Amino acid sequence: MIKNNDIKNLISFLLLAIIFIIISIIVKQNIEPIKSFIGSVDFIIGASIYILIAFITTVIAPLSSVPFMLIASNAWGWQVTGILSFFSWSLGSLAAFFIAVKFGKPLIKKFVSLDKLEKYERRMPKENIFWTIVLLRVLIPVDILSYALGIFTKVSYKVYMSATMLGIMPGAFILAYIGIIDIKKQIILFISFSILASLMLLLRQKTPVK
């Protein structure tokens, strides 16, 4: 059986997927005005603003840069948006981890719910920490995981960042690409990912803990 917390995570993912699709529909229906507006702004300025927004939303929960990502993907292309997202999410994750290590819970509670954070404490890896972090990046929001790892583990900055960047990279480009494809294909992809995630969680439950 899948644990209640895992079920809640899957439900949260489905809700986020629905929000993603709704925003995607709105963006696609208004893409020409959006492209016209963004085209009037210097790319360096626009990219800098996007990086800043994505950085801030990575550090502060429960904000999200997904709406801006959808706009950027349809205006600049998914490749450029993927690179910008990867860069800004990596920086934001490093900042969140640094805050957790340096200042601990007293400061973190200004950015994220401590009750929600503590729910992830028992998920923190004890062995194979590198690959566990990579896998967790797929299932847990960037900001929450960064804070939890900073508080509940002794992982080094080097291991943390290398695993984080490896885990973030696929999501940055996949989400950017999904943002430009047909809505029907988006729905199919999200349903497929939900089924795959459910199977992974079931397999994890059957794997004996050493």
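1. Some remarks on the overall build of the protein
Moving on, step 1. Helix and strand content of the protein: 11 helices and 0 strands.
Moving on, step 2. Taken from the N to the C terminus, the helices and strands of the protein come in the order α-α-α-α-α-α-α-α-α-α-α.
Moving on, step 3. Out of the 210 residues belonging to the protein, those deemed buried represent 40%.
Moving on, step 4. Taking as baseline every contact in the protein between residues at least 6 positions apart, the subset at least 24 positions apart corresponds to 81%.
Moving on, step 5. Summed over all atoms, the accessible surface of the protein reaches about 12,200 Å², with 72% contributed by carbon and sulfur.

2. Concerning the packing of aromatic side chains
Moving on, step 1. What the rule picks out here adds up to 7 aromatic pairs.
Moving on, step 2. Arranged with centres 6.3 Å apart and planes meeting at 85°, the rings of Y50 and W76 form a pair that is edge-to-face. Note that Y50 is positioned in helix α3 (residues 43-59) and W76 in helix α4 (residues 66-76), a separation of 26 residues in sequence.
Moving on, step 3. Overall, the relative accessible area of 5% leaves Y50 in the buried class.
Moving on, step 4. Given a relative accessible area of 22%, W76 falls into the partly exposed group.
Moving on, step 5. A centroid spacing of 5.2 Å and a plane angle of 90° characterise the contact between F97 and Y157, whose relative ring orientation is edge-to-face. Here F97, found in helix α5 (residues 78-103), pairs with Y157, found in helix α10 (residues 157-178); they are 60 residues apart in sequence, far enough to count as distant.

3. Observations concerning the side chain of S73
Moving on, step 1. Relative to the helices and strands, S73 is located in helix α4.
Moving on, step 2. Assessed through its relative accessible area of 2%, S73 is described here as buried.
Moving on, step 3. Residue contacts for S73: discarding those within four places in its chain leaves W78, T81, A176 and I180.

4. Observations concerning the confidence of the model for the protein
Moving on, step 1. Looking at the protein as a whole, the pLDDT averages 82, with 84% of positions reaching at least 70.
Moving on, step 2. Mean pLDDT values over the elements of the protein span from 72, in helix α7 (residues 114-118), up to 93, in α5.

5. Points about a nonpolar patch on the surface
Moving on, step 1. Where nonpolar side chains cluster on the molecular surface, the patch consists of I11, L15, I18, I22 and I26 and spans about 470 Å² of accessible area.
Moving on, step 2. For I26, the location among the structural elements is in helix α1 (residues 4-29).

6. What to know about the environment of Y157
Moving on, step 1. We classify Y157 as partly exposed; its relative accessible area is 35%.
Moving on, step 2. Along the chain, Y157 and L94 lie 63 residues apart, while their C-alpha atoms are 8.3 Å from each other.
Moving on, step 3. What Y157 contacts, discounting residues up to four positions off in sequence, is L94, F97, F98 and V101.

7. Describing helix α2 (residues 31-39)
Moving on, step 1. Every buried residue belonging to α2 is among I31, I34 and I38, and all of these are buried. Looking straight down α2, one finds its buried side chains confined to an arc of 60°; they lie on one side. Those residues of α2 that are exposed and angled more than 90 degrees off the buried face are E32, P33, S36, F37 and G39.

The rules behind these values
- Residues numbered from 1 in each chain as written.
- Predicted model: local features only at pLDDT ≥ 70, side-chain atom pairs only at ≥ 80, totals over all residues.
- Heavy atoms only, no water.
- Helix = DSSP H or I, 4+ residues; strand = E, 2+ residues; numbered from the N terminus.
- Buried < 20%, exposed > 50% of the residue type's maximum accessible area, 1.4 Å probe, protein only.
- Contact = heavy atoms within 4.5 Å.
- Areas by Shrake-Rupley, 256 points an atom, 1.4 Å probe, with all protein chains shown as cover.
- Phe/Tyr/Trp six-rings, centres within 6.5 Å; stacked < 30°, edge-to-face > 60°.
- pLDDT = per-residue confidence, 0-100.
- Patch = residues over 30% accessible without salt bridge, like charges linked within 9 Å, V, L, I, M, F, W, Y side chains within 5 Å.
- Salt bridge = Lys/Arg side-chain N within 4 Å of Asp/Glu carboxyl O.
- Arc of directions from axis to C-beta.

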